[in-house]
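# Observations on the model geometry
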Amino acid sequence: MKRNLRLGLLWSWFWMILGWLYFLLPLLATFLFSLRAKKDTLSFLAYERVFKDPNFWKTFAFSLEIGLITILAGLVLIVPTAYWIRLRLPRLRMVTEFVSMLPFVVPAIVLVFGLIRVFSGAPFYLTNTYLGTNALLVAAYIVLALPYLYRAIDTGLAAIDVRALTEAAQSLGAGWPVILLRIILPNLRVAMISAAFLTLATVMGEFTIASFLVGIKAFGPYMSLVGQNKTYESSSLAIISFALTWAFMGFIQLFSRGRAEAAPPGAH
Amino acid sequence: MRRLNNLFPFTKQGAHSARPVSSIPWRDALWVLPFFLFIFLFVFLPSASLLSGSFQDKWGNFTLQNYLDLFKPSILSAYWISIRISLASALGGGLLGFMMAYGITVGGLPRRLRTALLTFSGVASNFAGVPLAFAFMATLGRTGLITVLIQTLFGINLYERGFSIYSFWGLTFTYIYFQFPLMILIITPALDGLRREWREAAQILGASSWEYWRRVALPVLTPSILGAMILLFGNAFGAYATALSLTGGFINLITILIGSQIKGDVLQNLGLSYALAMGMVVVMAIMISIYYLLRRYSERWLKI
């Protein structure tokens, strides 16, 4: 019995160590590699070069902006819907749950293919203008983020008594805008913040959709371009990007106080 | 939230004091219509457009030729490699993820390890695409850390032995990096649901550890494991950025084929490329159907 237990623990440790090596070795390798830009000595030269590149900041700002708009637009689209379905149309829940899983069946590359086919021609001509293209990019990202945006909001709503809150507010004379903005939204804060950072983590380095719609204006395609020409800079970008993802996830942990949220499938 | 509930504790008991929520149907529509309109425009329309395009020839006439063309060896092999890599990375990542999640739940590893692992998994499962490709080039590339390490420690040159980061295994190992953290995140709650009493009951009845897993724990976990595997498969199957930046497009994956088709009409046949895209949707649909079948089967088994 005791021997069994010890064997089990040994077994657990074996996989744990294997897994941590898998986690850490690539990071270590990338970091060490990124320090070798200067011959025969370790330096942060590759990082300096990356940070000095105006295109780094330009594309970074662009993707950040798109990410923030995606979050805002996505929440405006999803929160009222999820709220109303919980409150009044529970029969539709099956439908929205199914719909919000659809992006998973339609891979990003297929989605962008279809979007280009539909919106680049008549009657939309979205890809002809700067604004139209960016709007299409935001729409595509909302679709991409839909599975976890919707789920995060819906779980957030499940944790509060939507009906009681709404009726209490109504009995005190509140109208719909007040109910939504001052009662429901504050209660969904944690859920919305988790959803927001997950979206940001996906959008910031996203490559597939961005490369076909806006090209190297976005951060993902920019990284890819750097990777084709500059070896050391690309490793430093990988480290920067990892730190960024880490920061986003850290914020979620911070705001949700340690509640682990299952991450969704992203666009790889 | 808690503060508000305390302010209005009476609302929990009943709605008698509250005005009934208005019941005008158009108001319902007003609340949910934007969402469904969005879905129609940006999910349904693109898919339907590809679907209709896949049944048309160059002149817009109805044809099934595009789907017959999918069975050309070069295209079939692209699907096949994609499916194999997705399966391999889902199985490998699933196994590693399951074992690690096992360690932090029922395996009795320290509590602090659990928090660290879950946090790290959240990060790593989102660390994919271009930067992941860079990281694995520095790890398993021709002059990568592990490659050089194995060369100096064991005198084995991986690349002379046929390994390459651009190959099936190179890509599989890279994908596993985002696969197993996802498995950990999905399966940990399921493992938490295993009740200690079940194990004790099984032991009292004389079951060995193996028998307990074979006949109690695994059947209970099967639906969650199957669901996770489907998620992992789709995760790898749709991957484009990682593969493209890792191999520069030198591997014949279905996503890369579609990508080059969008950039320029490489196959000289647009209808065929729409069929290629629909083929991916069909593969995913088949995988999900298999999942539902297996799940039903496993649940029926559970009832007996």
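Structure first, text after, so check above.
Worth saying up front: this structure is predicted, and the values here are computed from it rather than measured.

On to the interface of chain B and chain A, then. With 99 residues of chain B in contact, the opposing surface of chain A contributes 96 residues. Overall, the association of chain B and chain A removes approximately 8900 Å² of surface from exposure, summing both partners, and the carbon and sulfur fraction of that is 79%. Here chain B and chain A share 0 salt bridges between them. Counting every contact that joins chain B to chain A gives 5 residue pairs in polar contact (both at pLDDT 80 or more). No other element matches helix H2 (residues 25-54) of chain B, which puts 19 residues into the side of chain B that touches chain A. Grouping the amino acids of the side of chain B that touches chain A by side-chain chemistry returns 67 nonpolar, 27 polar and 5 charged.

A negative phi angle characterises most non-glycine residues, just as the trans form characterises most peptide bonds. One non-glycine residue with positive phi stands out, namely Asp 40 of chain A, at about 65 degrees. Here Asp 40 of chain A shows up in the loop between helix H1 (2-34) and helix H2 (45-52).

Turning our eyes to something else, we now look at the nonpolar core. By size, the foremost hydrophobic cluster in this structure holds 196 residues, and its most contacted members are Tyr 83 and Ile 209 of chain A together with Tyr 177 of chain B. Among the elements that make up this core, the one with the highest residue count is helix H6 (residues 130-158) of chain A (17 residues). Residues contacting Tyr 177 of chain B, with those up to four places away along its chain left out, are Tyr 22, Phe 23, Pro 26, Leu 27 and Phe 242 of chain A together with Ala 124, Phe 127, Leu 132 and Phe 136 of chain B.

Before going further, it helps to spend a moment on the side chain of Ser 245 of chain B. Residue and element names in this part refer to chain B. Its place among the elements puts Ser 245 in helix H11 (residues 241-247). Here Ser 245 falls in the buried class, since its relative accessible area comes to 17%. Reaching out from Ser 245, the side chain makes a polar contact with the backbone oxygen of Ala 241 at a distance of 2.6 Å. Ser 245 has contacts with Gly 129, Val 130, Ala 133 and Met 137, leaving out every residue within four places of it along the chain.

Conventions adopted
- Residues numbered from 1 in each chain as written.
- Chains lettered and ligands numbered in written order.
- Predicted model: local features only at pLDDT ≥ 70, side-chain atom pairs only at ≥ 80, totals over all residues.
- Heavy atoms only, no water.
- Contact = heavy atoms within 4.5 Å.
- Buried area = accessible area lost by both parts, 1.4 Å probe.
- Salt bridge = Lys/Arg side-chain N within 4 Å of Asp/Glu carboxyl O.
- Polar contact = N/O pair within 3.5 Å; in protein donor to acceptor, adjacent residues only side chain to side chain.
- Helix = DSSP H or I, 4+ residues; strand = E, 2+ residues; numbered from the N terminus.
- Nonpolar A, V, L, I, M, F, W, Y, C, P; charged D, E, K, R; others polar.
- Core = buried A, V, L, I, M, F, W, Y, C linked by side-chain atoms within 4.5 Å.
- Buried < 20%, exposed > 50% of the residue type's maximum accessible area, 1.4 Å probe, protein only.

The values are spatial; any link to function lies outside them.
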